[in-house]
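Here's the letter readout for the chains.
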Amino acid sequence: MSKASSLARLANTLALLPRWRILVHEKPDGDALGGGSALVCWGKALGKDVSWGGPDPISPPYDAFLSMSCEYRAYEELPKEWLRDDTAIIVIDTSAPPRSVRGIEDGVSPATLINIDHHGDNTKFGDVVYVDDKASATSEILWDLAEAGGWRPCIEACIGVYTGIVTDCGHFTYANTTPNAHRVAARLLELGVKPQELDKRINSKGSVKELHLWGKAYSRVALIGGGRVAFTWLSDDDFQELGVSRYSTEGLANELVKVNGVDVGMLLTEEGDCVRVSFRARGKTSVRELAQRLGGGGHPQAAACRLHLSLSEAIDLIKEEVERLYARPFAPGR
Ligand SMILES: [Mn+2]
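Residues numbered from 1 in each chain as written. Predicted model: local features only at pLDDT ≥ 70, side-chain atom pairs only at ≥ 80, totals over all residues.

Enquirer: Quick rundown of the sheet that holds strand β10 (residues 274-281)? Include the residues and the values.
Expert: If you walk across this open sheet you meet the six strands as β7-β8-β9-β10-β12-β11, and the pairing is mixed. Both edges of this open sheet fall to β7 (222-224) and β11 (297-298), since each of them pairs with a single strand only. As paired strands, strand β8 (residues 229-234) and strand β9 (residues 264-271) are joined by six bridges and run parallel to one another. Along β9, the bridge assignment pairs A230 with G265. Sitting on the sheet, helix α11 (residues 311-325) touches β7, β8, β9, β10 and β12 (302-307), and the angle it makes with β9 is about 160°. (Pairing = 2+ DSSP bridges. Helix = DSSP H or I, 4+ residues; strand = E, 2+ residues; numbered from the N terminus. Contact = placed C-beta atoms within 7 Å. Axes fitted to C-alpha atoms, helices over the stretch in contact; angles between N-to-C directions.)

Structure follows, in structure tokens:
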């Protein structure tokens, strides 16, 4: 089936269901939250009974400007009252059920489980599946879905979609930047989105302390794998000492691959008794396989995992994996 007819069918399915329950993934990013916000706006405009949330709370900076963010809720598990035959449970930007609210993996019958995503490693769960790994962002798919359904684009939905696209494709710099991403963005500008205002919302540092946190991470950057991999780390103490939130690292991992000769970046962040690793890659290199090997997943060029290890054990493990997977002979002078 063509993309257009799949989207038209999906829009029809959604039109027939009066209750929409929208779920995003853990640690929701700009794509999940921007797309979710837009979908809530469209649902309400269509007269649906809509609510949305995910396993973790909505995070800064998105809570401050995305429409409907005050209605977002963190759910420990799937509410039983969602399991009705008039309900669409729409999981967006989520490659597999364990990445969202607990209980989805057990099935949602008699509700209809709808899976809309752009991760190439999506497990294709759900009753209705729309996965396009060529899309720059799930928000781009949601825009095309809205067009297929003839849903009116209010400015709030436009802001959500634009946020999702620019954050997922690194402001049109990553390999997933497509002509369609630019086309959708151009349309959003015509409809009133102001890029400079949104950039201020999305990329501003909350305080000088956040810059100091980045400074700590920068000061520890080390090259491994023969100079091909840049990695750094932040400990619980770093966050406490500076009094900054965990969200202050948003975008930091992307900076690591900007070093000349580096095509893989890794940021390790201590989180209590585990360590979160954010992987980034550029060029033809993929980090998804390594993230999967370590129990995580994601995109070829942006992936993550959580290690149940101490920070020093995690650093050792990452170094070992890097030497095994990415090492190349060191080229002097690079
Ligand atoms: Mn995404």
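Enquirer: Go over the domain arrangement of the chain, please, and point to the residues and values.
Expert: Segmentation of the chain into domains returns domain 1 (3-202) and domain 2 (208-325). With centres defined by C-alpha atoms, the gap from domain 1 to domain 2 works out at 27 Å. On the domain 2 side, the residues contacting the nine residues of domain 1 number eight residues. When grouped by side-chain class, the residues that make up the side of domain 1 that touches domain 2 number three nonpolar, five polar and one charged. (Domains from an automatic or database assignment. Nonpolar A, V, L, I, M, F, W, Y, C, P; charged D, E, K, R; others polar.)

Enquirer: Describe unusual backbone geometry, and please don't skip the residues or the numbers.
Expert: Residue P61 is reached from P60 by a cis peptide bond, and omega for that bond is 0°. The residue P61 is located in the loop between β2 (49-54) and β3 (73-74) in this model. At the junction of S109 and P110, the peptide bond is cis and its omega measures out at 5° in the coordinates. Counting through the fold element by element, P110 comes out in the loop between β4 (87-92) and β5 (112-117). One non-glycine residue, K124, lies in positive phi territory at about 60°. Within the element layout of this structure, K124 appears in the loop between β5 and β6 (128-131). Judged by local crowding, K124 falls into the exposed class, with 10 C-beta atoms found within 10 Å. With a phi angle near 65°, F172 is a residue other than glycine that sits in the positive phi range. Secondary-structure assignment places F172 in the loop between α4 (155-168) and α5 (179-190). You can call F172 partly exposed: it has 14 C-beta atoms within 10 Å. (Buried ≥ 20, exposed ≤ 12 C-beta atoms within 10 Å, placed from the backbone.)

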